[in-house]
Amino acid sequence: MQLDLKKGSRSYQLAILIVIIMAVFVVRLFYLQVIKHGYYVGLANNEQLKQLVIPAKRGEIYAMDGTSPVPVVLNETVYTVFADPKVITTSKEIIDTIQRVAGGNARPNLEGLLAKKESRYQILATKVTRKQAELMKNANLKGIGFQEESQRVYPEGQLAAQTLGFVNSEGKGQYGIEEALNDRLTGQDGLLQSVTDVSNVPLTIGNNNINKPAKNGDNVVMTVDRNIQAYSEKALAAGLARTKATNGSVMVMDPQSGKVLAMANLPTYSPAEFNKVQDAAAFNNSTITAPYEPGSDVKTLTMAVGLDKGVVGPNSTYNNTDSIKVEDRTISNATKGQTGNITFQHALNYSLNTGFVTVAERLGDGSNITLQARNTMYDYFHNKFGLGEKTGIELANEAKGTVISPTDEDGGAVRYSNMAFGQGLDVTMVQVCTAFSTIINGGTQYKPTVLAGTTNDDGSVFTPAPAKPAQSGVISPDASNTIRIMVHDARSAFYASSDRKGYYIGGKTGTSQTLENGKYVDDQTVGTYLGYGGDSQATPKYVIMVQVSGKHMNLAGNTDAMPIFTDISNWMIDYMKLQPKG
Amino acid sequence: MSYQRTTQFSSRRDSNWNRNQNTTRFASNIKLGPVTHTVLVALMITVLGLIYLTQATRATGYDYEAQKIDSQIADLTTKKTDLEVENARLTALDNVQNSSVARQMTSPSETSYISE
């Protein structure tokens, strides 16, 4: 068929008009579909594509229960119940249901909240459990909504609160292992990008769908044994009640591996209610964050240095006059009367300062704490034992402490004479425990750790963490053997009757002066006890360090800290199923 | 030089004609014009479109199924987590120590050891 339109005819004009209109359409469509393609695709994607974050589950935290991990921090889904007062018609029914089901989690004055008709969002109850939320949903209350959130739960309550830390309202770990391992525990959120329907159900249509699954945080297992931790906390609480001390800490460590078995601190708090804590000091794990002058328990380290360098032995003697002059200062013994030619074992038994200043002198020229003596002490204390340096334990806010170098202006003979009996240096309990473990385990330094390993997602398979590198030969096995016996004899000299028969227990008291505004004060001392125990002389099974303190309180190592050590030590023997020998 | 056919060529099909005697040669007398062709093509496109829509709808139906299953998984996971929390609470040291069984336990008056 051939159209034969006459020019100028109405049909011809109509054809021209149609062609022009079509041309306008084509140009407009070209503009919309080709030139503005990207813009309209963007608009369409905004409308149709939804990006949903798939939240990663925060890793759970386990403690050991003997040889099995048990959960101490878990996640629980809870709900916030909210209302839209504008659409609510049955206030009484809603109030009755929420008060009956949510109980203490319901907010006060529900009637007042629901009366705020100008508001579209009022929170009626928080932290409602899934069961409670289901009961409310089943009541078919109009205008009520539920907002899901995850919260940390602590089935063991306050147990090891400072070691665990807590998770703040922004989901970030604070203090303890929660903060130190926050990145590992957090995991990585996933992403779901998809075309959705009006109910936000993701549909498979479209070319730009992304489904990146969330990577849950690691479930970490601590070396802390919940039974030892619980008993340590109990013994410490009893000890503080007995002595009236206000603050106390206990650390229990495996000297053969550096694993921390317990870290107890008082005052404490409940991690589930961290927002109710009045004094933030309760969050601190004093065993790692609070350096102090540990006092006479450091004499065991000084003696170990002397033994390792071969300048003294347990039966070597010195002339004790109850005081010793170092440069322009006179250092006196706290215990008087053990004068004359006495052995270093005797000096350790009675914790005589003069004996250990003498050891420091013998590291030099025999009568002065020379630079050589100070260098030797610094090399052992700081470089080998790790005093005054962070141990790298997997907990937040570890303090470094201070050990003054001999090259420092303040690192003279007087400073080092004080360091020989545990004053003039600031160290943390974990540093002292690590150093003490090193000198009694044969001379191997194990890095202290609270990380035993990880578990799989449901906590059923435990994968141990690789062992941290250990430094052997820090002191010789002979020196280690000797100091172990000396510490045992020092304890046995006075406190043998308090130990279980057939076990090998050793320990040393420490009573240290404290500084107030840069000056030592007379009305405030810190009591410390540091010791070990086991079923044989050769292999100590545990190290326990106890510290008690209080504002304007004179607390002593032997009367205030030592009974707590004894209590825990005797319990550990049963718990570890150690058999008596000898 | 010329060749002359000496025998009549018959195809194999023709020679088997008797065997396939039920077959018929079909030659329709209906001729389809351009309009019919256009309508048929339009119908085919419509059918193909319907098939596509059916499949797409079915795929979307699976999405709803998947969503329902995902919801069930999430619900069961929440219930499992709740049970784990409950289990942890019930086996917590405080609960164990305060249990009726623990309260009835007494310290042994004598301890014997099996020699190693």
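Residues numbered from 1 in each chain as written. Chains lettered and ligands numbered in written order. Predicted model: local features only at pLDDT ≥ 70, side-chain atom pairs only at ≥ 80, totals over all residues. Heavy atoms only, no water.

Okay, the overall build of chain B next. For chain B, the count of helices and strands is four helices and zero strands. Each helix and strand of chain B, placed in order from N terminus to C terminus, yields the pattern α-α-α-α. Looking at chain B residue by residue over its 116 residues, the buried ones come to 8%. (Helix = DSSP H or I, 4+ residues; strand = E, 2+ residues; numbered from the N terminus. Buried < 20%, exposed > 50% of the residue type's maximum accessible area, 1.4 Å probe, protein only.)

With that out of the way, let us pick up the overall build of chain A. A count of helical and extended segments in chain A gives 18 helices and 24 strands. The C-alpha atoms of chain A give a radius of gyration of 35 Å, which is well past the 25 Å a tight globule of 582 residues would have. Reported as C-alpha extents along the three principal axes, the dimensions of chain A are approximately 140 × 60 × 50 Å. Accessible surface computed for chain A: about 26800 Å², of which carbon and sulfur atoms make up 51%. Between the centroid of the 54 positive side chains of chain A and the centroid of its 54 negative side chains there is a distance of 7 Å. (Rg over C-alpha atoms; globule rule 2.2 N^0.38 Å. Areas by Shrake-Rupley, 256 points an atom, 1.4 Å probe, with all protein chains shown as cover. Lys, Arg positive; Asp, Glu negative; His and termini not counted. Charge placed at Lys NZ, Arg CZ, Asp CG, Glu CD.)

On to the domain arrangement of chain A, then. Residue and element names in this part refer to chain A. By domain assignment, chain A separates into domain 1 (54-155 + 182-217) and domain 2 (224-273 + 285-575). Using only C-alpha atoms to locate each centre, domain 1 and domain 2 end up separated by 49 Å. If you look at the interface, domain 1 gives eleven residues, while domain 2 gives 14 residues. Interface area, domain 1 with domain 2, both sides summed: about 1000 Å², of which 54% is carbon and sulfur. Counting across the domain 1 and domain 2 interface gives one salt bridge. At the boundary of domain 1 and domain 2, one finds five residue pairs in polar contact (both at pLDDT 80 or more). (Domains from an automatic or database assignment. Contact = heavy atoms within 4.5 Å. Buried area = accessible area lost by both parts, 1.4 Å probe. Salt bridge = Lys/Arg side-chain N within 4 Å of Asp/Glu carboxyl O. Polar contact = N/O pair within 3.5 Å; in protein donor to acceptor, adjacent residues only side chain to side chain.)

Listed as interface residues are 21 residues of chain B and, on the opposing side, 26 residues of chain A. With both chains or domains summed, chain B and chain A bury close to 2000 Å², and 54% of this area falls on carbon and sulfur atoms. The largest per-residue losses of area from chain B upon contact with chain A belong to B:Asp63, B:Leu93 and B:Tyr113, which jointly make up 28% of the total buried on that side. On the surface where chain B and chain A come into contact, there are two salt bridges. Here A:Arg130 and B:Asp82 are joined by a salt bridge, their closest N and O atoms 2.7 Å apart. With 14 residues, helix H2 (residues 34-90) of chain B is the largest single contributor of residues to the side of chain B that touches chain A.

This part is about the packing of aromatic side chains. Residues and elements named next belong to chain A. One pass over the full model with this rule turns up 18 aromatic pairs over all chains. Consider the rings of Tyr-39 and Tyr-40, whose centres lie 5.0 Å apart with planes at 75 degrees: the pair is edge-to-face. According to the relative accessible area criterion, Tyr-39 is partly exposed, its value standing at 47%. Geometrically, the ring pair formed by Tyr-318 and Phe-344 is stacked, given 5.1 Å between the ring centres and 25 degrees between the ring planes. Within this pair, whereas Tyr-318 is found in strand E14 (residues 317-320), its partner Phe-344 is found in helix H12 (residues 344-349), the two being separated by 26 residues in sequence. For Tyr-318, a relative accessible area of 4% translates into the label buried. The class of Phe-344 is buried, set by a relative accessible area of 0%. Within the aromatic cluster, the residues linked to one another by ring pairs are Phe-166, Tyr-175, Tyr-269, Phe-274 and Phe-283. In this arrangement the basic side chain of Lys-137 is found over the ring face of Phe-146, its NZ or CZ atom lying 5.3 Å from the centre. Here Lys-384 stacks its cationic end above the ring of Tyr-380, 4.2 Å away from the centre of that ring. (Phe/Tyr/Trp six-rings, centres within 6.5 Å; stacked < 30°, edge-to-face > 60°. Lys NZ or Arg CZ within 6 Å of the ring centre and 35° of its normal.)

Residue and element names in this part refer to chain A. With nine of its eleven residues buried, helix H11 (residues 299-309) lies for the most part within the structure. If you check which residues of H11 are buried, you get Lys-299, Thr-300, Leu-301, Thr-302, Met-303, Ala-304, Val-305, Gly-306 and Leu-307. Positive phi appears at Gly-310, one or two residues downstream of H11, with a value of about 75 degrees.

The subject of this paragraph is the nonpolar core. Residues and elements named next belong to chain A. By size, the foremost hydrophobic cluster in this structure holds 88 residues, and its most contacted members are Ile-61, Met-303, Phe-381, Phe-385, Leu-387 and Ile-439. Domain assignment of the residues forming this core places at least three in each of domain 1 (54-155 + 182-217) and domain 2 (224-273 + 285-575). In contact with Ile-61, other than residues within four places in its own chain, are Val-70, Pro-71, Val-72, Val-73, Arg-152, Leu-164, Ile-177, Glu-178, Leu-185, Val-220 and Met-222. (Core = buried A, V, L, I, M, F, W, Y, C linked by side-chain atoms within 4.5 Å.)

Here we come to the pattern of salt bridges. On inspection of all chains with the given rule, the structure shows 22 salt bridges over all chains. A salt bridge links A:Glu76 to B:Arg89; its shortest N-O distance comes to 3.7 Å. Separated into two different chains, A:Glu76 in strand E3 (residues 68-83) and B:Arg89 in helix H2 make up a pair that spans both. As a salt-bridge pair, A:Asp535 and A:Lys581 come within 3.9 Å of each other at their nearest N and O atoms. Of the two residues, A:Asp535 is situated in the loop between strand E23 (519-534) and strand E24 (542-549) and A:Lys581 in the segment after helix H18 (557-575); the sequence distance between them amounts to 46 residues. By relative accessible area, which is 10% here, A:Asp535 ends up buried. Overlapping salt bridges bring together A:Arg58, A:Arg152 and A:Glu178 as one network.

Residues and elements named next belong to chain A. Along the polypeptide, Tyr-231 turns up in helix H9 (residues 226-243). What makes Tyr-231 buried here is its relative accessible area of 18%. Measuring from C-alpha to C-alpha, the distance between Tyr-231 and Ala-262 comes to 9.1 Å, with 31 residues separating the pair along the chain.

Further remarks concern a nonpolar patch on the surface. Taken together, A:Leu14, A:Leu17, A:Ile18, A:Ile21, A:Met22, A:Phe25 and A:Leu29 make up a surface patch of nonpolar side chains, about 670 Å² in accessible area. Locating A:Leu14 in the fold gives a position in helix H1 (residues 10-35). (Patch = residues over 30% accessible without salt bridge, like charges linked within 9 Å, V, L, I, M, F, W, Y side chains within 5 Å.)

Glycine aside, the phi torsion of most residues is negative, and most peptide linkages are trans. All names here are of chain A. Following Leu-266, the chain continues to Pro-267 via a peptide bond in cis, the omega torsion being 0 degrees. At Asn-109, a residue that is not glycine, the phi angle is positive and equals roughly 55 degrees. With respect to the helices and strands, Asn-109 occurs in the loop between helix H3 (91-102) and helix H4 (110-114). According to the relative accessible area criterion, Asn-109 is exposed, its value standing at 55%. Positioned with a positive phi, Ala-160 is a non-glycine residue whose angle comes to about 55 degrees.

Detailed reading of predicted coordinates is not advised where the pLDDT is low. Residues and elements named next belong to chain B. For chain B, the mean per-residue pLDDT works out to 81, and 76% of the residues sit at or above 70. Within chain B, the element-level pLDDT minimum falls on helix H1 (residues 12-15), averaging 60, and the maximum on helix H3 (residues 93-97), averaging 90. Confidence metrics for the complex model read pTM 0.84 and ipTM 0.80. (pLDDT = per-residue confidence, 0-100.)

So, on to the pairing of strand E22 (residues 504-516) of chain A. A regular strand places its side chains so that they alternate between the two faces of the sheet. Residues and elements named next belong to chain A. Relative to E23, E22 is paired through 13 bridges, and the arrangement is antiparallel. Residue pairing for E23: Leu-515 is matched across the bridge by Tyr-520. Connecting E22 to the antiparallel partner E23 that follows it, the hairpin turn spans two residues, and Asn-517 within it adopts a positive phi of roughly 55 degrees. (Pairing = 2+ DSSP bridges.)

In sheet architecture, strand pairing relies on hydrogen bonds along the backbone and comes in two forms, parallel and antiparallel. All names here are of chain A. Here we have five strands laid out as an open sheet, ordered E13-E12-E24-E23-E22, and antiparallel in their pairing. If you trace the sheet from one side to the other, it starts and ends with strand E13 (260-266) and E22, each paired once. Along the sheet, successive strands turn relative to each other by an average axial angle of 10 degrees, direction set aside. As paired strands, strand E12 (residues 247-253) and E13 are joined by six bridges and run antiparallel to one another. (Axes fitted to C-alpha atoms, helices over the stretch in contact; angles between N-to-C directions.)

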